[in-house]
Structures are given as C-alpha cells and as structure tokens.
Protein chains: 4
Amino acid sequence: MRTSDFSEPFLLINFKTYIEATGKRAVDLSRRIEEVGKSADVRFGVAPQLCDIAQVAAQVEIPVFAQHIDPVTPGAFTGHVLAESVKAAGGSGTLINHSERNVQLIDIEKSVLRAREVGLSTAVCAGTPRLAAAVALTEPEMVAIEPPELIGSGRAVSKERPEIVTDSVRKIRAVNQNVRILCGAGITTGDDLYAALKLGAQGVIVASGVVKAPKPEDVLTDFCKAVRKYL
Amino acid sequence: MRTSDFSEPFLLINFKTYIEATGKRAVDLSRRIEEVGKSADVRFGVAPQLCDIAQVAAQVEIPVFAQHIDPVTPGAFTGHVLAESVKAAGGSGTLINHSERNVQLIDIEKSVLRAREVGLSTAVCAGTPRLAAAVALTEPEMVAIEPPELIGSGRAVSKERPEIVTDSVRKIRAVNQNVRILCGAGITTGDDLYAALKLGAQGVIVASGVVKAPKPEDVLTDFCKAVRKYL
Amino acid sequence: MRTSDFSEPFLLINFKTYIEATGKRAVDLSRRIEEVGKSADVRFGVAPQLCDIAQVAAQVEIPVFAQHIDPVTPGAFTGHVLAESVKAAGGSGTLINHSERNVQLIDIEKSVLRAREVGLSTAVCAGTPRLAAAVALTEPEMVAIEPPELIGSGRAVSKERPEIVTDSVRKIRAVNQNVRILCGAGITTGDDLYAALKLGAQGVIVASGVVKAPKPEDVLTDFCKAVRKYL
Amino acid sequence: MRTSDFSEPFLLINFKTYIEATGKRAVDLSRRIEEVGKSADVRFGVAPQLCDIAQVAAQVEIPVFAQHIDPVTPGAFTGHVLAESVKAAGGSGTLINHSERNVQLIDIEKSVLRAREVGLSTAVCAGTPRLAAAVALTEPEMVAIEPPELIGSGRAVSKERPEIVTDSVRKIRAVNQNVRILCGAGITTGDDLYAALKLGAQGVIVASGVVKAPKPEDVLTDFCKAVRKYL
C-alpha cells in the first residue's frame with residue numbers, strides 16, 4: 001500500500017463473521033473480488049476472519065487484512081492476535097478499533113506500532129469526525145470514518161450524512177496530511193461510493209453490501225464503474 | 001475426543017503467541033508433536049494461534065484447538081472468533097477462559113454451547129479448584145485447572161501444589177462425572193506429568209515446557225514415557 | 001444478614017442508574033422503603049449508586065448494597081471500587097456480576113473473598129440455572145438468578161418462566177445448602193413475589209418495578225402483603 | 001474551573017484506592033489539602049473514591065473529582081457511574097481514562113460529552129504525547145499526560161522525562177489552544193512541580209506523593225512554595 005498516493009481509491013471488503021464469507025466461501029469470495037478488480041483495474045482488499053487469512057492469502061494477490069490485532073508482542077498471550085502471526089499467514093494489513101471491536105485508546109497506538117514493526121498496513125476506524133482525527137494522530141496508513149448508527153443500515157454515510165465525511169476529512173487533514181481516508185457504513189451501490197469519493201474519501205469499507213448481496217459481482221462491478229467515473 | 005473415556009491421557013500443547021510456534025514454525029512443531037505421539041501411542045493435541053489453525057490442520061491429524069473463541073453467532077461481529085470459522089479451518093476444539101484470556105462467566109456458558117453446536121471440543125480453564133468446579137457445571141468436554149501463579153514458572157502444579165489438583169478433582173467430580181480433567185502450569189518433565197496423572201488428572205496442558213524447550217522432542221518423549229509408565 | 005436463616009424473605013431494591021433514584025431521590029426512596037418494611041415487618045434492602053451509598057446509609061438502617069465492587073485491594077487502582085470504601089461509606093453488602101455489569105469468572109471469586117474480608121454481604125447474580133449453581137460454588141451469602149431477557153420487561157420470571165427458578169433452586173441446592181437464593185427480572189406485583197417464594201426463592205431483586213412505579217409505596221405494600229401471606 | 005485562565009496552576013490530588021485516603025481519612029485529607037491551599041492561595045482539587053465524594057464534598061469547597069465516570073445516561077446500567085450521580089453528590093469534575101482505568105476511545109468522547117451535559121469538569125488522561133493530543137481533540141477542560149511507567153515510581157516525569165511534557169504541550173497546543181495541560185507521574189516535591197510548570201504544564205496530578213507521604217502537609221506546603229516561586 002502506498003498510502004500517500006491517494007489517486008487510486010482503495011475498496012476494502014470486510015467479511016465480518018458472516019457465514020457467507022467463512023471458510024471456503026471466504027476464499028471463493030476473495031477470488032471473485034480480485035477478478036472483478038483486476039478486470040476493471042480497481043484496487044480491492046479483503047478482510048476475512050483470522051482463521052481464513054492463510055487460505056485466502058494463498059489464493060489471491062490483493063491485500064488481505066486482519067479484522068483486528070492485539071497490541072501484544074511474542075510471548076505468553078494465549079488467545080490473542082499477534083501481528084507476526086497475521087503477517088506469517090500472508091496478511092498485509094489490519095483493521096484496528098472497528099466499531100464492533102472497539103479497543104482502548106492506548107491499544108490503538110500500540111497496535112499501530114506493532115503492525116508497523118512487522119510490516120502490516122493499518123486502517124484505524126472511528127465513529128465520529130473528532131475521533132477520526134484523534135486516531136489519525138497515531139499515524140496509521142488509513143483512517144476509516146464509520147458512524148456506527150449507519151453500519152449495516154443500507155443507508156450510505158456518503159448520502160445520508162455527507163457532512164460526517166467532509167467534517168472528518170477536514171479534521172483529519174488538519175492533523176495528518178499523509179493518511180488515506182476511508183469511509184464506510186451503509187455503502188451498497190456505485191452511487192454511494194461515487195458520493196464518498198466526491199466528498200474527499202480515498203476509499204471505502206464495505207461489508208454486508210457485498211457479502212450479503214445476492215450477486216456480489218454485480219455490486220463489485222457497479223463499484224468499479226463508480227471508481228472509473230470518478231477518476 | 002471421547003471425553004468419557006479417560007483411560008488414555010490427553011496432552012494439549014498450547015502454542016500461545018510464542019514466536020517459536022508462529023507460522024511455519026507452528027506447522028513444523030505440530031508435525032513433530034504428532035510424530036512423537038504416534039511412535040509412542042500417546043494422544044497429543046496442539047493449540048496454535050488462530051491464523052495458524054488452517055495450515056496446521058492441513059498437515060496433522062491430531063486434534064487442533066483454537067486458543068479462544070467468542071460467544072458470537074454468524075453476523076456482524078468484526079474481529080471476533082466465530083466457532084464456525086475455527087471448525088471450517090480444520091480445528092477440532094477450543095480452549096475457553098485461559099488465564100491469559102479470561103472471559104466473563106456468562107460467555108463461558110455461551111462459548112461452550114457455541115462450540116458444541118458446531119462440533120468443537122471444549123477445554124475450559126480455571127485458576128482455582130472452586131472455579132474449576134464452577135466451569136464444570138457448564139458441561140464442557142474438559143476442564144483445565146491452571147493456577148495462574150505457576151503458569152510459565154517452571155514449577156509444576158503437580159509437584160509444587162499437588163493439593164490444588166486433588167482438590168480440583170474432588171470438587172469437579174462432585175458436580176460432573178463426565179468431564180475430562182486436565183491440569184497445567186509449570187509442567188516441563190515426564191515426572192511432572194506422571195505426578196499429575198497420579199493425582200487424578202486425565203491429561204495436561206503444556207506451553208513453554210515444550211515450545212520453549214531447546215529440543216522439544218526430548219520433552220515430548222519424556223512425556224510419553226511417563227504416560228506409558230502410568231498406564 | 002443471617003444467610004442461613006431463610007425464614008424471612010429478603011427484598012433487595014436495585015436503584016440502577018435511574019434518575020428517579022439518584023442523589024436526594026435515592027435517600028428519599030430508601031427512607032420510604034424502610035418505612036414500609038418496618039410497618040409490615042418485612043426485610044428490605046436497597047442498592048443505590050456508589051456515590052449515594054454514604055448519604056443513604058446515614059439515613060436508613062436497612063441494608064445498603066453497592067451495585068458492584070472490583071476485586072482490588074487498597075492501592076493504585078484509580079477509578080475502581082474498593083470493598084473497604086463501600087464498607088466505610090456505611091454499605092453492608094454488594095451485588096456482584098449483575099447482568100448489566102458482567103465480570104470475568106475469576107473476578108467473581110475474588111470479589112466474594114474481598115467482600116467477606118471487609119464484612120460485606122454478597123449477592124452474586126447469574127442469568128441461567130447452571131451459572132447460578134456455578135456462582136454458588138464461590139460461596140457468597142446470596143445467589144440471584146435473573147434471566148437477562150426478562151429484566152425490565154414487566155413479565156415476571158416467577159410467572160413467565162417458573163421453571164428457571166425451580167431449576168436454579170435445584171441446581172444451586174445440589175452444590176450449596178447455605179446460600180440464600182434470590183430471583184429477579186420483571187417482578188412488579190405482590191403476586192409475582194408470592195409466586196417466586198412459592199417456587200423456592202428466599203427473596204427477590206426488584207428495580208424498575210419499584211423505582212419507576214408511579215407510587216412506589218403501593219408496590220412495596222403489595223410486596224409486604226405477599227410476604228405476610230407466604231409466611 | 002475556568003479552563004482558559006491558565007495563570008493559576010491547578011494541583012489535583014488523586015486518592016486512588018489508597019487505604020490512607022478511604023472513608024473518614026479521605027475527608028480528613030481533603031480538609032488538610034484545602035487548608036494548605038487556602039493559606040498559600042494555591043488551587044488544589046481532590047479525587048477521592050466514588051463512595052467518598054459526597055462526604056468529602058460536604059466538608060470542603062475545593063473541587064472534588066470523580067476518578068472515573070461511565071458514558072451512560074440515566075437508565076438500566078447497574079454498577080455503572082452516572083455523571084448525574086457524581087454531580088448530585090457534590091462532585092465538580094471527573095478524571096477520564098486514567099492509566100489504571102483505561103477506557104475505549106469511543107467512551108472518552110462520550111464521557112466528556114456526558115460530563116459537560118451535567119456540568120462536570122473533565123480531565124482526560126493519556127500516556128504518550130500523541131495520545132494526549134488525541135484526547136485533546138475531544139475538547140475536555142484538561143488533558144493530563146501521565147507516562148504509565150513513571151506512575152508511582154517516585155521519579156518525576158518533569159525531571160526524568162522532561163521531553164515527554166514539552167512534546168505533549170507542543171502536540172496538544174497544535175490541536176487545542178483552550179485545554180489546560182496537566183502532567184503527572186512520580187511528582188513528589190516542589191522541585192518536581194516547579195519543573196513541570198516551567199515545561200509548560202498548567203498543573204499536575206499527584207497521588208502517592210501526597211497520600212502516602214509521612215506528612216502530607218509538608219509536601220503540600222512544598223508544592224505551594226513552588227507555585228508561588230513560579231508565578
């Protein structure tokens with residue numbers, strides 16, 4: 001990830017713990033995402049579950065993100081997610097502080113540092129413009145503004161609450177010029193994505209909009225058209 | 001795992017987040033553990049990190065445990081560990097409530113139920129005899145008594161504090177006759193293991209004693225001799 | 001609290017963080033509860049918020065419970081609830097593991113021990129019969145079975161799900177004969193309370209049923225009639 | 001608290017859960033702190049335990065802070081700390097995110113908002129300069145930089161790691177000109193305090209340095225001399 005080159009939008013598909021994207025289906029969906037992206041020259045990434053990272057990473061070349069890491073170093077931390085293990089499994093980045101996996105402030109900085117140490121890209125999430133700026137101070141590669149109340153709602157943040165995106169962009173840029181800004185929550189169509197890019201986002205995080213779609217390829221193709229239209 | 005057949009001890013090797021047992025090294029160590037066990041007809045299992053489960057399970061036939069699962073169902077639970085994903089990756093069981101990953105009481109029962117629903121074996125940990133009996137009431141396949149103060153100490157619970165093991169066995173059996181009882185903490189030699197079995201344990205959990213050993217095979221072989229001596 | 005004398009039911013009114021029972025209103029409500037109890041010779045206790053314990057305890061003689069304590073000893077634990085401070089404020093007991101303040105299994109045992117050390121009575125909550133028995137093993141003075149799904153529902157556990165109460169009583173008594181068994185969730189009338197006592201509970205926990213009642217005295221008086229009818 | 005008037009340093013004494021500052025001893029210590037401050041015209045505040053706020057606030061006129069509040073509104077939140085209850089008990093402010101009571105990032109913003117709604121002053125803690133700036137974006141009245149590794153160490157942050165203070169001041173001021181900056185950790189003498197003020201802090205948080213001192217008045221008097229020397 002070249003974070004300071006924001007010319008190409010980045011679309012991260014978060015698989016959450018959806019059964020439609022678990023195990024073999026995570027690998028299959030990742031392949032289809034890669035294929036659509038390759039055809040349209042649009043940059044996608046996937047964030048499968050921890051147990052699926054290795055199998056997904058073995059099958060695709062697009063970035064594979066963990067959905068969470070713990071701020072631990074190698075040692076006696078049973079049940080925790082070590083940055084090194086994500087890397088060893090073929091992961092290339094990680095989400096941090098997703099609204100469904102909120103962490104303590106102190107752990108955000110530690111996790112960003114741990115990820116950087118092992119060469120993982122980072123996308124730190126926040127639910128409000130002020131918190132988006134706050135996490136930008138920890139210098140991750142990406143900040144993702146996702147208002148929790150719109151996540152999974154089908155109502156796109158970029159259309160329903162465009163001011164949240166613009167306000168986040170303004171507040172983030174006041175403290176960090178080199179972070180890629182993503183937005184997410186409720187994005188399900190190319191129009192939603194196009195609106196997000198116009199508001200200043202350099203990418204999006206999408207989950208149910210793709211994973212739960214009857215035909216994910218249709219949504220992905222729609223996204224690609226929006227990116228091409230924008231560029 | 002046939003939990004009610006306690007005649008054959010079960011030795012679960014917990015890889016924690018040790019760098020010596022991360023990624024390829026997790027696969028390699030698992031293979032060596034399997035080999036020693038096969039030679040000596042002793043039942044081993046391994047508990048690698050979540051990201052390593054798929055690769056380990058693809059290479060060995062012995063039971064592969066997760067170190068933790070979350071009590072979530074398929075859905076919007078970014079960053080959580082879904083029982084189904086452990087199963088899909090080839091896992092056959094999970095630790096729950098390890099002292100390095102303590103969970104709320106309510107989540108112990110939920111996690112045991114979730115594991116059972118998807119066909120994962122369960123080993124619930126507790127740090128005191130009373131809590132070992134308490135978790136036995138949630139009807140997991142195994143209960144593991146591990147006094148936190150001895151974990152990683154090199155001083156075996158079975159020798160240093162034998163009364164903790166016997167007291168746990170007594171308290172657990174008073175409420176549950178069908179659960180396999182493991183003990184752990186500081187076990188590094190065949191003698192430690194033999195003592196544990198004599199005290200009434202039907203197996204052990206070992207971590208640094210194997211993972212951090214200069215020659216893990218030597219420790220594993222020593223364990224096998226202790227099991228054969230005991231049987 | 002003489003826990004082994006179960007002849008007199010104990011009715012604990014949990015003030016939660018209801019504004020109707022905060023500050024002066026906590027003191028006022030406690031006085032009214034005491035008065036009704038005294039008139040009818042029925043044993044009530046109150047569980048106000050931490051900041052209100054001292055003022056409430058200065059004004060009433062009935063037991064004043066904390067809603068939560070932390071398993072810490074005196075020392076550097078900023079923001080935690082020290083058992084000694086509850087006691088010093090005039091508290092005589094504490095709830096532990098309420099479904100709105102779930103704690104780790106390990107902290108339940110520690111908290112019960114800490115409370116006992118300083119002379120606080122303990123009422124440990126659990127949401128299912130099995131967990132009620134599990135917490136009974138930590139030997140608190142009281143166990144409270146409260147199915148989370150009925151809390152605040154207005155549908156009484158003792159009427160809606162009587163088998164939860166009887167099953168809890170059976171499972172608890174199998175492991176602990178000396179603990180007082182309370183039940184709670186949805187109890188708002190004397191009938192609900194009477195049903196609970198008939199099912200084997202030696203008391204109840206009530207929150208919104210009293211605190212949010214238009215006329216708390218009417219509910220309290222109804223409770224007293226139920227107790228007198230039962231005895 | 002007039003936060004934008006930084007001319008008078010503010011010295012907040014954190015009682016933690018020290019037994020020397022629990023119950024009556026909290027009231028007594030608060031009185032002595034007030035007295036020394038009044039004599040020397042130096043502004044002190046105290047942060048006793050939650051159960052002690054009401055009794056302390058009834059006896060002193062200096063600001064009384066909670067050590068923690070939860071980001072909850074009035075309602076069914078058993079065992080949580082409601083901002084309104086701190087206010088009703090006579091509290092005038094609250095610590096948030098102390099390193100011994102770390103909270104999730106999202107809860108910092110919510111807690112600051114809740115405190116402001118009820119008229120409580122806020123002092124948000126952070127352990128590193130970057131995080132100090134991050135929390136400053138939530139617009140509390142005060143930000144406290146306290147490196148966890150020096151807390152309780154007896155080695156003053158202002159002398160041992162002066163660059164942490166200056167770096168924090170610089171980073172905080174880049175994003176917030178109206179927040180009072182406190183520093184803490186290891187401050188036990190007037191010299192430590194003087195050094196902190198010279199580095200740009202507008203106050204300090206002190207705990208064991210006062211609470212555990214053989215003669216707290218001596219330390220407090222020493223602090224006052226340092227303030228007078230600085231002004």
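Parameters and conventions
Chains are numbered independently. Their residues run from 1 in the order of the written sequence. Lettering of chains starts at A and numbering of ligands starts at 1, both following the order in which they are written. Whole-chain, interface and lining totals are the exception, using all residues; otherwise, since this is a predicted model, local features are given only for residues with pLDDT of at least 70 and side-chain atom pairs are given and counted only at 80 or more. To get the side-chain values, all heavy atoms of the structure are used, and hydrogens and water are removed first. For helices the rule is a DSSP run of H or I covering at least 4 residues; for strands it is a run of E covering at least 2, with both sets numbered from the N terminus onward. Based on C-alpha atoms, the radius of gyration is set beside the globule rule, defined as 2.2 Å times the residue count to the power 0.38. Burial status follows relative accessibility: with a 1.4 Å probe on protein chains alone, a residue under 20% of its type maximum counts as buried, one over 50% as exposed, and anything between as partly exposed. Contact definition: two residues touch when any of their heavy atoms are within 4.5 Å. All accessible-area figures derive from a Shrake-Rupley calculation using a 1.4 Å probe, and residue coverage is judged against the displayed protein chains alone. In this tally, Asp and Glu contribute negative charge and Lys and Arg positive charge; neither His nor the terminal groups of the chain are included. To locate a charge, take atom NZ for lysine, CZ for arginine, CG for aspartate or CD for glutamate. Our superposition of the copies is a least-squares fit, built on the C-alpha atoms of residues whose pLDDT is at least 70 in both. Helix axes are fitted only over the stretch in contact, all axes being lines through C-alpha atoms; the angle between N-to-C directions runs from 0 to 180 degrees. Under this scheme an angle from 65 to 115 degrees is roughly perpendicular, one under 35 degrees roughly parallel, and one over 145 degrees roughly antiparallel; angles in between are oblique. By convention, the crossing between two helices is left-handed when the near helix turns anticlockwise from the far helix through less than a right angle, and right-handed when the turn is clockwise. Lys, Arg, Asp and Glu make up the charged group, whereas Ala, Val, Leu, Ile, Met, Phe, Trp, Tyr, Cys and Pro make up the nonpolar group; the residues left over, Gly among them, are polar. A strand pair is defined by DSSP finding two or more bridges across the two strands. When the strands point away from the viewer and the path from the first strand over the helix to the second turns clockwise, the crossover is right-handed. Summed over both partners, the accessible area lost on bringing two parts together, with a 1.4 Å probe, is the buried area. For this analysis, a salt bridge means a side-chain nitrogen from Lys or Arg found within 4 Å of a carboxyl oxygen belonging to Asp or Glu. N or O atoms within 3.5 Å of each other form a polar contact, as long as, within protein, one can give a hydrogen and the other can take it, and as long as residues adjacent in sequence are counted only when both atoms are side-chain atoms.

**Q** What should I look at first to understand the overall build of chain A in this one?
**A** The number of helices and strands found in chain A is 10 helices and 8 strands. Against the 2.2 N^0.38 benchmark of 17 Å for 231 residues, chain A shows a C-alpha radius of gyration of 16 Å, consistent with a compact globule. In terms of its C-alpha atoms, chain A occupies a principal-axis envelope of roughly 50 × 40 × 30 Å. Of all 231 residues assigned to chain A, the portion counted as buried reaches 65%. Long-range pairs, those at least 24 residues apart, make up 68% of the contacts in chain A with a sequence separation of at least 6. Total accessible area on chain A stands at roughly 7,800 Å², and carbon and sulfur atoms take up 48% of it. Of the side chains in chain A, 27 bear a positive and 27 a negative charge, and the two mean positions are spaced by 2 Å.

**Q** Help me understand the relation of the copies chain C and chain D, please; the structure alone is not making it clear to me.
**A** Relating the two copies of this chain is a rotation about some axis coupled with a shift parallel to it. Taken as rigid bodies, chain C and chain D are interconverted by a rotation of 180 degrees and an axial shift of 0.0 Å, the fit giving an RMSD of 0.0 Å. These values place the two chain copies in the arrangement generated by a two-fold rotation axis. Among all residues of chain C, the minimum C-alpha distance to the rotation axis is found for Cys51 of chain C, at 2.5 Å. Comparing interface residues between copies, 100% of those in chain C also sit at the interface in chain D, which points to an isologous, same-surface contact.

**Q** It is not clear to me how the packing of helix 5 (residues 129-136) of chain B against helix 7 (residues 162-175) of chain B should be interpreted in this structure. Could you clarify?
**A** Axis angle and axis distance: for two packed helices, these are the angle between their axes and the distance between the axes, and together they describe the pair. Residue and element names in this part refer to chain B. The contact between helix 5 and helix 7 brings their axes to 8 Å, and the two run at 30 degrees. The pairing of helix 5 with helix 7 is recorded here as roughly parallel in orientation. Considering how the two elements wind past one another, helix 5 and helix 7 form a crossing that is right-handed. Listed contacts from helix 7 to Pro129, Arg130, Ala132, Ala133 and Ala136 of helix 5 are Ile164, Asp167, Ser168, Lys171, Ile172 and Val175. Taken together, the residues that form the contact of helix 5 with helix 7 break down as 7 nonpolar, 1 polar and 3 charged.

**Q** Would you mind going over the arrangement of the chains with me for this structure?
**A** The two partners chain A and chain C share no contact, and the minimum distance between any of their C-alpha atoms is 15 Å. Looking at chain B next to chain D, you find no contact at all, with the nearest C-alpha pair sitting 15 Å apart.

**Q** How do you make sense of the pairing of strand 2 (residues 43-47) of chain A when you look at a structure like this?
**A** As a general feature of sheets, a regular strand has side chains that alternate between the two faces. All names here are of chain A. Among the 5 residues in strand 2, 5 count as buried, and that is most of the element. Here strand 2 shows two buried faces, one formed by Arg43, Gly45 and Ala47 and the other by Phe44 and Val46. Across 5 bridges, the pairing between strand 1 (residues 10-14) and strand 2 is parallel. By the bridge assignment, Asn14 is partnered in strand 2 with Ala47. Viewed along the sheet, the connection from strand 1 through helix 1 (residues 24-40) into strand 2 turns out right-handed.

**Q** Please explain the interface of chain C and chain D as it appears in this structure.
**A** By a frequent convention, interface size equals the accessible area lost on bringing the separate parts together. Contact residues are listed per partner, giving 33 residues for chain C and 33 residues for chain D. When chain C packs against chain D, the two sides together hide about 2,800 Å² of surface, and 62% of this comes from carbon and sulfur. Contact with chain D buries area across many residues of chain C, yet Thr17, Cys51 and Thr78 of chain C alone supply 26% of it, more than any other trio. The interface formed by chain C and chain D includes 0 salt bridges. In this structure, the connection of chain C to chain D is made through 14 residue pairs in polar contact (both at pLDDT 80 or more). Those elements giving two or more residues to the side of chain C that touches chain D turn out to be helix 2 (53-59) and helix 3 (83-88) of chain C. When residues in the side of chain C that touches chain D are grouped by element, the largest group, 4 residues, is from helix 3 of chain C.

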